[in-house]
Amino acid sequence: MAAPPDMELSLSLSLELLPTDPLLLILSFLDYRDLVSCCYLNRRLNQLSSHDPLWKRHCKKYWLISEEEKSRRNQSWRAIFISTYSDLGRYIHYYATLKKAWDDLEQYLGQWCPRMISSLKESVREEDLDAVEAQIRCKLPDDYRCSFRIHNGQKLVVPGLMGSMALSNHYRSEDLLDIDTAAGGFQQRLGLKQCLPLTFCIHTGLSQYMALESVEGRNKYEIFYQCPEQMARNPSTIVMFITGTSYLEWFTSYVNKVVTGGYPIIRDQIFSECSPLCRYVHDKDCVATTEDITVSVSTSFLPELSSVHPPHYFFTYRIRIEMSKDALPENACQLESRYWRITNAKGDVEEVQGPGVVGEFPVISPGKVYEYTSCTTFTTTSGYMEGYYTFHCLYNKDRFFNVTIPRFHMVCPAFKVSTA
């Protein structure tokens, strides 16, 4: 209901009489929508809401515009907000979160794997995303679209942006697909109806998919690895190991683990001087120190080597053995044997003992590190391992001692079977 003319006149007169500073302070607490609305109330509010410093907060909050970028663009804060909103307004609730994730990831890669930066592709245009929607006849979620307005995935190269994993003769490195390649892999076949691939491994053919509709037992925008259901009568029936509930959650949680050290950087011969981002998950509490030797463990679940029926859950673990750089030289020692106690979710225990590790008998000296990768399988969706290594001293070969391997847990991600 419109206010009576005399009330509108009274409001205008009241605002005209109020000093500018308190009004600007009040306006500084408004969201951008309310600030825009104020422009249409009366002439005084229109003038005040155009006050440029009011738009600085919104530019920084929603578009992550820095002072340096403002100077480079040579525009007012208000003009920057309006021009950016006209281009990216539909993503205003996602852009800052995704832009920060991409910026953090690029900064991290620049330090640890600079050649991967060159594999990132430039952003795409709105019309490119609209064309893909028309091609696949399905709507893309706004958080996914927003991410591709920042970076259009990466080139199909090794190492992949979404992590690498090496185990004996099995190797996986996942690329984040660009929008055209993803659209080319859009699925309409039974078992993967209306699913869009997000990643791809050129070595295994493995992808992570995003469901664009709630069909075949999937939730809309759910992200998953797909594996054949080996004992199903229908060959199109698949098992879905869930890795995310939305693109925003999936991508930002991955980046956060990368930049905070949740996925260790592993140097090996395959990548020469450039380390891959590895999908081993490191539990910072999973560390044990015996005398001068510290053992830490990272684990990874391999969906491509696992099955639900029959139950066969494949895990790989990477162990780091390090002697303190402050240890005395005479404390140098050699690994003699290993002992494992392996327990599944039912409480069944298996004990394993043998010489060396992966056929090697590493020598550890002050400041030296030895790492190796091995694997295990469970018939249950989770389990844990613990044990010890037996070392003998190099300068006192009669002295043997045990080094604790901390208990580490392995848990299969949530999964469901498609209703195809």
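As the structure is a computational prediction, the values presented were derived from the model and not from experiment. (Residues numbered from 1 in each chain as written. Predicted model: local features only at pLDDT ≥ 70, side-chain atom pairs only at ≥ 80, totals over all residues. Heavy atoms only, no water.)

S.K.: Hey, could you run me through the packing of aromatic side chains in this one?
M.R.: Given two aromatic rings, one states the distance between the centres and the angle between the planes to describe the pair. Within this structure, the stated rule accounts for 27 aromatic pairs. With a centroid separation of 4.5 Å and 40° between ring planes, the pair formed by Tyr-144 and Phe-148 is classed as tilted. Taken as a pair, Tyr-144 and Phe-148 lie in helix H11 (residues 142-150) at a separation of four residues, close to a single helical turn. Accessibility classification places Tyr-144 together with Phe-148 in one group, the buried group. (Phe/Tyr/Trp six-rings, centres within 6.5 Å; stacked < 30°, edge-to-face > 60°. Helix = DSSP H or I, 4+ residues; strand = E, 2+ residues; numbered from the N terminus. Buried < 20%, exposed > 50% of the residue type's maximum accessible area, 1.4 Å probe, protein only.)

S.K.: Can you walk me through the domain arrangement of the protein chain in this structure?
M.R.: A common way to report how large an interface is uses the accessible area buried once the components associate. Considered domain by domain, the protein chain is made up of domain 1 (20-90), domain 2 (96-255) and domain 3 (280-413). The distance between the C-alpha centroids of domain 2 and domain 3 comes to 32 Å. Counting residues at the interface gives 14 residues for domain 2, matched by 19 residues for domain 3. Taking both partners together, domain 2 and domain 3 bury about 1300 Å²; carbon and sulfur atoms supply 70% of that area. Looking at the side of domain 2 facing domain 3, the largest losses of area belong to Met-165, Leu-167 and Phe-241, adding up to 38% of the total buried there. Scanning the region where domain 2 abuts domain 3 turns up one salt bridge. Notably, a salt bridge pairs Glu-304 with Arg-172, separated by 2.8 Å at the nearest N-O pair. For the interface between domain 2 and domain 3, the tally reads three residue pairs in polar contact (both at pLDDT 80 or more). (Domains from an automatic or database assignment. Contact = heavy atoms within 4.5 Å. Buried area = accessible area lost by both parts, 1.4 Å probe. Salt bridge = Lys/Arg side-chain N within 4 Å of Asp/Glu carboxyl O. Polar contact = N/O pair within 3.5 Å; in protein donor to acceptor, adjacent residues only side chain to side chain.)

S.K.: It is not clear to me how the side chain of Gln-154 should be interpreted in this structure. Could you clarify?
M.R.: Here Gln-154 is to be found in the loop between H11 and strand S1 (164-167). With a relative accessible area of 1%, Gln-154 lands in the buried category. A distance of 2.9 Å separates the side chain of Gln-154 from the side chain of Ser-119, its partner in a polar contact. Polar side-chain contacts of Gln-154 include one of 2.6 Å to the backbone nitrogen of Leu-161. For Gln-154, the residues in contact, after removing those within four places along its chain, are Ser-119, Leu-120, Lys-121, Pro-159, Gly-160, Leu-161, Met-162, Glu-174, Asp-175, Leu-176 and Asp-178.

S.K.: Any chance you could explain the pattern of salt bridges here in plain terms?
M.R.: Considering all chains together, one arrives at 26 salt bridges under this definition. For Lys-139, the salt bridge identified is with Glu-133, shortest N-O distance 3.5 Å. In this structure Lys-139 comes out as exposed when scored by relative accessible area, which is 58%. On the basis of relative accessibility, which here comes to 9%, the residue Glu-133 falls in the buried class. Between Arg-172 and Glu-174 there is a salt bridge whose closest N-O contact spans 3.3 Å. Both residues of the pair, Arg-172 and Glu-174, count as buried. A single salt-bridge network, built from bridges that share partners, covers Asp-87, Arg-90, Glu-126, Asp-130, Glu-133, Lys-139, Asp-142, Arg-145 and Arg-149.

S.K.: Looking at this model, I keep getting lost on the sheet that holds strand S6 (residues 223-228). Mind explaining?
M.R.: The strands that make up a sheet are held in pairs by hydrogen bonds between backbone atoms, and each pair lies either parallel or antiparallel. Pairing in this open sheet of five strands is antiparallel, and the strands run S3-S5-S6-S7-S17 from one edge to the other. Lying at the two open borders of the sheet, with one neighbouring strand each, are strand S3 (195-197) and strand S17 (415-417). Taking each pair of neighbouring strands and ignoring which way they run, the sheet shows an average axis angle of 40°. Across six bridges, S6 lies against strand S7 (residues 238-244) in antiparallel orientation. Each bridged residue has a counterpart across the sheet, and for Pro-228 the counterpart in S7 is Ile-238. (Pairing = 2+ DSSP bridges. Axes fitted to C-alpha atoms, helices over the stretch in contact; angles between N-to-C directions.)

S.K.: When you look at the UniProt feature "domain: ApaG" (unreviewed entry) in the protein chain in this model, what are you seeing that I'm missing?
M.R.: Taking the UniProt record as the reference, the feature "domain: ApaG" (unreviewed entry) is found at residues 287-417. Taken end to end, residues 287-417 is 0% helix and 63% strand, and its two terminal C-alpha atoms sit 36 Å from one another. (UniProt positions renumbered as here; feature names shortened; annotations may be inferred.)

S.K.: Explain helix H10 (residues 126-136) here, please?
M.R.: Owing to its 3.6 residues per turn, the α-helix aligns residues three or four sequence positions apart on the same side. Those residues of H10 that sit buried are Glu-126, Leu-129, Val-132, Glu-133 and Ile-136. Projected onto a plane normal to the axis of H10, the buried residues spread over an arc of 125° and lie on a single side. Seen from the open side of H10, the exposed residues pointing more than 90 degrees away from its buried face are Ala-134 and Gln-135. Those residues of H10 that are buried are in contact with helix H7 (77-88), H11 and helix H12 (179-184). (Arc of directions from axis to C-beta.)

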